[in-house]
Amino acid sequence: MSAVATSPAAGRRPAPRNRVQRFLTSSIGLKLVMAFSGVLLSLFVLGHMLGNLQAYQGAEALDDYGRLLRKEPALLWTVRFGLLGTIALHIYAYIALLKRNGAARPKGYRMRKWRESSYASRSMKITGPLLLAFIIFHILHLTTGTVHPHFEEGKVYHNVVTGLTGVYGLIYVLAMAMLAFHLWHGVWSMMLTLGLPEGRYGSVGRAAATIFTALVTVGFATVPLAVMAGLLK
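Since the model is a prediction, treat every value here as computed from it, not as a measurement. (Residues numbered from 1 in each chain as written. Predicted model: local features only at pLDDT ≥ 70, side-chain atom pairs only at ≥ 80, totals over all residues. Heavy atoms only, no water.)

**Student:** Summarise the overall build of the protein chain; cite the residues concerned and give the values.
**Tutor:** Each helix and strand counted, the protein chain has nine helices and zero strands in total. Along the protein chain, helices (α) and strands (β) appear in the sequence α-α-α-α-α-α-α-α-α when read from the amino end. Relative to its full complement of 233 residues, the protein chain shows a buried share of 32%. Counting only contacts in the protein chain whose residues sit at least 6 apart along the sequence, the fraction spanning at least 24 positions is 69%. Per element, the accessible surface of the protein chain, about 15,300 Å² overall, is 67% carbon and sulfur. (Helix = DSSP H or I, 4+ residues; strand = E, 2+ residues; numbered from the N terminus. Buried < 20%, exposed > 50% of the residue type's maximum accessible area, 1.4 Å probe, protein only. Contact = heavy atoms within 4.5 Å. Areas by Shrake-Rupley, 256 points an atom, 1.4 Å probe, with all protein chains shown as cover.)

Right, here's the structure in full:
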């Protein structure tokens with residue numbers, strides 16, 4: 001009886017066969033997937049925030065905006081599924097990069113000194129999952145009305161002013177605080193990944209990330225705050 005020696009390569013997984021697979025499993029590819037999906041999601045939250053601000057124009061303006069979005073159901077659902085796919089790609093790239101970094105350094109440092117990283121960058125692994133949970137809650141709350149006790153189909157303004165009171169309003173404000181941390185680091189990292197020569201401190205990219213984050217998160221947060229203060233009713 002003879003033993004057949006197996007080479008170390010025999011137990012390895014076969015390399016991806018096509019360019020797409022190689023791209024999606026490389027560090028550069030994963031970072032680009034995160035960057036481009038981040039661009040799309042950032043543009044979406046900016047547009048969504050501008051749409052929400054129509055609440056200050058009254059019920060008719062916000063309801064008209066809602067009717068406009070529902071005018072072409074096929075287009076609306078295409079956009080929704082596209083956004084969900086973009087979020088899925090963003091999460092996939094993050095988890096894959098996290099696993100790759102963990103495999104490269106299986107044993108963590110005994111002592112950590114945060115000299116270069118910011119709190120926003122270190123909290124991405126917390127703010128990301130929490131924002132995902134908030135997105136699911138937001139869809140069930142103001143899109144489908146599943147967890148909205150006073151939801152009325154098509155009455156966007158009514159659903160906003162009755163749905164953002166009390167604990168619900170606080171949830172939205174806290175979610176915007178988490179979004180601020182996530183966006184601030186994410187937008188700047190996205191610029192670096194796309195090849196923009198931006199330094200860590202005092203750069204145009206850092207300033208742009210700060211302005212964009214403040215614009216989006218403050219704009220979003222003013223709506224639940226105005227509802228809770230009785231300015232929107």
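Read on for the rest.
**Student:** Give a description of the packing of helix H8 (residues 166-193) against helix H9 (residues 204-228) that names residues and reports values.
**Tutor:** Packed helices, taken two at a time, are described by the angle their axes make and the gap between the axes. Where H8 contacts H9, the two axes come as close as 8 Å, and the packing angle between them is 170 degrees. By the angle between their axes, H8 is roughly antiparallel relative to H9. Residue classes in the contact of H8 with H9 are distributed as 20 nonpolar, six polar and one charged. (Axes fitted to C-alpha atoms, helices over the stretch in contact; angles between N-to-C directions. Parallel < 35°, antiparallel > 145°, perpendicular 65-115°, else oblique. Nonpolar A, V, L, I, M, F, W, Y, C, P; charged D, E, K, R; others polar.)

**Student:** Report on the nonpolar core, specifying residues and quantitative values.
**Tutor:** Within the largest apolar cluster, 30 residues are counted, with the highest numbers of intra-cluster contacts made by Met-176, Leu-179, Val-187, Val-216, Phe-220 and Leu-232. Mapped onto this core, the elements with two or more residues apiece are helix H2 (27-52), helix H6 (124-143), helix H7 (156-163), H8 and H9. No other element matches H8, which puts ten residues into this core. When sequence neighbours within four positions are dropped, the list of residues in contact with Leu-179 reads Leu-131, Val-216, Thr-217 and Phe-220. (Core = buried A, V, L, I, M, F, W, Y, C linked by side-chain atoms within 4.5 Å.)

**Student:** Kindly report on the packing of H2 against H8, identifying the contributing residues and their values.
**Tutor:** In contact at an axis separation of 9 Å, H2 and H8 are set at 125 degrees when each is read in the N-to-C sense. Comparing the axis directions of H2 and H8 gives the class oblique. Where H2 crosses over H8, the handedness of that crossing is left-handed. In this structure, H2 uses Lys-31, Leu-32, Ala-35, Gly-38, Val-39 and Ser-42 to contact H8, whose residues at the interface are Leu-183, Val-187, Met-190 and Thr-193. Among the residues forming the contact of H2 with H8, the class breakdown is six nonpolar, three polar and one charged. (Left-handed = near helix turned anticlockwise from the far one by under 90°.)

**Student:** So what's going on with the pattern of salt bridges? Which residues, and what values?
**Tutor:** For the structure on display, the rule yields two salt bridges. Where Asp-64 meets Arg-67, a salt bridge forms, and the shortest distance between an N and an O atom there is 2.2 Å. Within this pair, Asp-64 and its partner Arg-67 are both found in helix H3 (residues 59-69), separated by three residues, close to a single helical turn. Note on Asp-64: relative accessible area 34%, which makes it partly exposed. Overall, the relative accessible area of 45% leaves Arg-67 in the partly exposed class. (Salt bridge = Lys/Arg side-chain N within 4 Å of Asp/Glu carboxyl O.)

**Student:** Can you tell me about a nonpolar patch on the surface, naming the residues and giving the values?
**Tutor:** A contiguous nonpolar surface patch, about 420 Å² in accessible area, is contributed by Ile-91, Ile-95, Leu-132, Ile-136, Leu-140 and Val-147. Listed by contribution, the elements that provide at least two residues to the nonpolar patch are helix H4 (73-104) and H6. At three residues, H6 tops the list of elements feeding residues into the nonpolar patch. Looking at Ile-91, the relative accessible area reads 31%, which means it is partly exposed. (Patch = residues over 30% accessible without salt bridge, like charges linked within 9 Å, V, L, I, M, F, W, Y side chains within 5 Å.)

**Student:** For the packing of aromatic side chains, give the residues involved together with the corresponding values.
**Tutor:** For the coordinates displayed, the defined rule picks out five aromatic pairs. Between the aromatic rings of Phe-134 and Phe-137, the centroid separation amounts to 6.4 Å while the plane-to-plane angle is 40 degrees, which identifies the pairing as tilted. With Phe-134 and Phe-137 both in helix H6, this residue pair falls three residues apart, about one helical turn. With a relative accessible area of 12%, Phe-134 lands in the buried category. With 6.2 Å between their ring centres and 10 degrees between their planes, Phe-137 and Tyr-168 make a pair best called stacked. In this pair, Phe-137 is assigned in helix H6 and Tyr-168 in helix H8, connecting sequence segments 31 residues apart. Taken together, the ring pairs connect Phe-134, Phe-137, Tyr-168 and Tyr-172 into an aromatic cluster. Sitting over the ring of Trp-77, Arg-80 keeps its end group 4.6 Å from the ring centre. (Phe/Tyr/Trp six-rings, centres within 6.5 Å; stacked < 30°, edge-to-face > 60°. Lys NZ or Arg CZ within 6 Å of the ring centre and 35° of its normal.)

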